[in-house]
Amino acid sequence: MLLLTKPEEASMTEPVQLYGYRYSAYTRVARLALLSKGVTHHVQEVDPFGEASETYLTVHPFGRVPALSHGSFKIFETNAITRYVDRMFDGPSLQPHDAASVARMDQVIAVVDAYAYWPMVRQVASHSFFRPFFGDPSSSAEVETGLVASAKALSFLDGVAKEGFVLTGYDITLADCHVAPMIDYFVRAEEGAKALSALPNLQNWWDRVSALTIMHATDPFADVQAP
Ligand SMILES: N[C@@H](CCC(=O)N[C@@H](CS)C(=O)NCC(=O)O)C(=O)O
């Protein structure tokens, strides 16, 4: 019989390091989860758009952010990180307990990853807000395409906020942690703010969530001046 030994888990008190990029929406998802749980952590800045160092590639072989180390345990992929953080550390649970709410939370996260991140962040926010802010070339066609492409996902999220299993803005779950950084970028674009204002349930959710201390504490543009 083959006997396998399970590696030991890190203990709660071992140091936590998040590898992330200041302007990365996914890094902010992980930070929101860490702060919601009250986990003391150090953030190591890694720019995933530059050339990844050999050292960083041992942490994240795809060179993206975020990644997390806890003691000797290393993990990458945002959804794996946030679930690990939620289960490993004390603090309020970021995952609901009933089947319908968990399923809805997982669905929201999957929808945002598959259908909303790119058009909302990389097209609308990037070309209407981020690039102009830094004086980089931008394209209004990208903004238009992103607005059209994100409409269905936003309408889905509005329905979820109305339904009340998750995205209530009161009981913070991994769904809030995942959606908030994307919406924050989206509404920094005038066109995004206008699109959100047409979705009353999601707008109400955003009004509550954007006021949270954890959102202010992770604002990527706090203290950043346009060059
Ligand atoms: N599936 C990854 C996606 C992470 C991701 O795409 N991060 C962006 C920053 S928000 C990145 O590293 N982009 C670098 C690139 O696209 O080359 C996760 O969930 O962690």
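From a predicted model like this one, the values you see are computed outputs, not experimental measurements.

Caption draft 1: Broad picture of the packing of helix 5 (residues 140-163) against helix 6 (residues 174-188). Helix 6 packs onto helix 5 with a crossing angle of 135° between their chain directions and a minimal axis gap of 13 Å. Relative to helix 6, helix 5 is oriented oblique. The way helix 5 lies across helix 6 gives a crossing that is left-handed. Note on element contacts: helix 6 touches helix 5 through Val179, Ile183 and Phe186, opposite Leu147, Ser150, Leu154 and Leu157. For the contact of helix 5 with helix 6, the class distribution of residues is 6 nonpolar, 1 polar and no charged.

Caption draft 2: Expanded view of unusual backbone geometry. A cis amide bond, omega 5°, links Val65 with the succeeding residue Pro66. Mapped onto the elements, Pro66 comes out in the loop between helix 2 (54-59) and strand 3 (67-70). For Glu77, which is not glycine, the phi torsion reads 90° and is therefore positive. Summarising the element assignment, Glu77 is placed in the loop between strand 4 (73-76) and helix 3 (78-88).

Caption draft 3: Broad picture of the sheet that holds strand 2 (residues 42-45). Read across the sheet, 4 strands follow the order 2-1-3-4 without closing on themselves; strand pairing throughout is mixed. The two strands at the open ends of the sheet, each matched to only one other strand, are strand 2 and strand 4. Here the strands of the sheet are splayed against their neighbours by 20° on average, with no regard to which way each runs. Along the sheet, helix 1 (residues 25-37) makes contact with strand 1 (16-20), strand 2 and strand 3, crossing strand 1 at roughly 155°.

Caption draft 4: The layout of surface pockets, seen in detail. Approximately 740 Å³ is the volume attributed to the largest pocket. Taken together, 27 residues make up the lining of the largest pocket; nearest its centre are Ser24, Tyr26, Phe49, Tyr117 and Arg122. If you list the elements that add at least two residues to the lining of the largest pocket, you get helix 1, helix 3, helix 4 (99-133) and helix 6. Considering each element in turn, the lining of the largest pocket owes the most residues, 9 residues, to helix 4. For the lining of the largest pocket, the residue count by class is 14 nonpolar, 7 polar and 6 charged. Every residue along the wall of the second largest pocket is listed here: Lys6, Pro7, Glu8, Glu9, Ala10, Glu14, His70, Gly71, Ser72, Phe73 and Tyr84. When grouped by side-chain class, the residues that make up the lining of the second largest pocket number 4 nonpolar, 3 polar and 4 charged.

Caption draft 5: Local environment of the side chain of Ser36. With respect to the element layout, Ser36 can be found in helix 1. Note on Ser36: relative accessible area 16%, which makes it buried. With near-sequence residues (within four places) excluded, Ser36 lies in contact with Pro92, Leu94, Ile172, Cys177 and Ile214.

Caption draft 6: Highlighting the site of the ligand. What surrounds the ligand is the set Ser24, Ala25, Tyr26, Pro48, Phe49, Arg64, Val65, Pro66, Glu77, Thr78, Tyr117 and Arg122. Contacts to the ligand include Arg64, whose side-chain N or O atom sits 2.9 Å from an oxygen atom. Between the ligand and Glu77, the relevant distance is 2.8 Å, taken from a nitrogen atom to a side-chain nitrogen or oxygen of the residue. Summarising the interface, the protein chains cover 84% of the accessible area of the ligand, which totals 510 Å² for the free molecule. The cavity where the ligand resides is the largest pocket. Of all elements in the fold, only helix 1 and helix 4 reach the threshold of two or more residues within the shell around the ligand.

Thresholds, definitions, all that
- Along each chain, residue indices are assigned from 1 in the same order as the chain's sequence is written.
- Reporting of local features is limited, given that this is a predicted model, to residues whose pLDDT is at least 70; pairs of side-chain atoms are given and counted only at 80 or more, and all residues count toward the totals for whole chains, interfaces and linings.
- Only hydrogens and water are set aside when side-chain values are computed; all heavy atoms of the structure are taken into account.
- Between N-to-C directions, angles span 0 to 180 degrees; the directions come from axes that are lines fitted to C-alpha atoms, helices contributing only their stretch in contact.
- Put simply, DSSP marks the helices as runs of H or I at least four residues long and the strands as runs of E at least two long, and each gets a number from the N terminus on.
- Here the angle decides the label: under 35 degrees means roughly parallel, over 145 means roughly antiparallel, 65 to 115 means roughly perpendicular, and every other value means oblique.
- Crossings are classed by handedness, with left-handed meaning an anticlockwise turn of the near helix from the far one by less than a right angle and right-handed meaning a clockwise turn.
- Contact definition: two residues touch when any of their heavy atoms are within 4.5 Å.
- When residues are grouped by polarity, Ala, Val, Leu, Ile, Met, Phe, Trp, Tyr, Cys and Pro land in nonpolar, Asp, Glu, Lys and Arg in charged, and all others, Gly among them, in polar.
- DSSP-based pairing: two strands are paired if at least 2 bridges between them are found.
- Only protein atoms enter the calculation, which uses a 1 Å grid: trapped sets of points that fit a 1.4 Å probe without letting it out are cavities, open sets showing protein on both sides within 12 Å along at least five of seven lines are pockets, and any residue with an atom within 4 Å of a point is a lining residue.
- Grid points are joined across faces, edges and corners, and a volume is the space filled by probe spheres set on the points.
- Relative accessibility thresholds used throughout: buried, under 20% of the residue-type maximum; exposed, over 50%; partly exposed, between the two (1.4 Å probe, protein chains only).
- It suffices for a single heavy atom of a residue to lie within 4 Å of a molecule or strand for the residue to be listed as near it.
- Under the rule applied, a polar contact is a pair of N or O atoms within 3.5 Å (in protein, one hydrogen donor and one hydrogen acceptor; residues adjacent in sequence only if both atoms are side-chain atoms).
- Computed with a 1.4 Å probe, the accessible areas rest on the Shrake-Rupley method; for each residue, only the protein chains presented here act as cover.
- Pocket or cavity membership: a molecule qualifies when more than half of its atoms sit within 2 Å of the grid points of that site.

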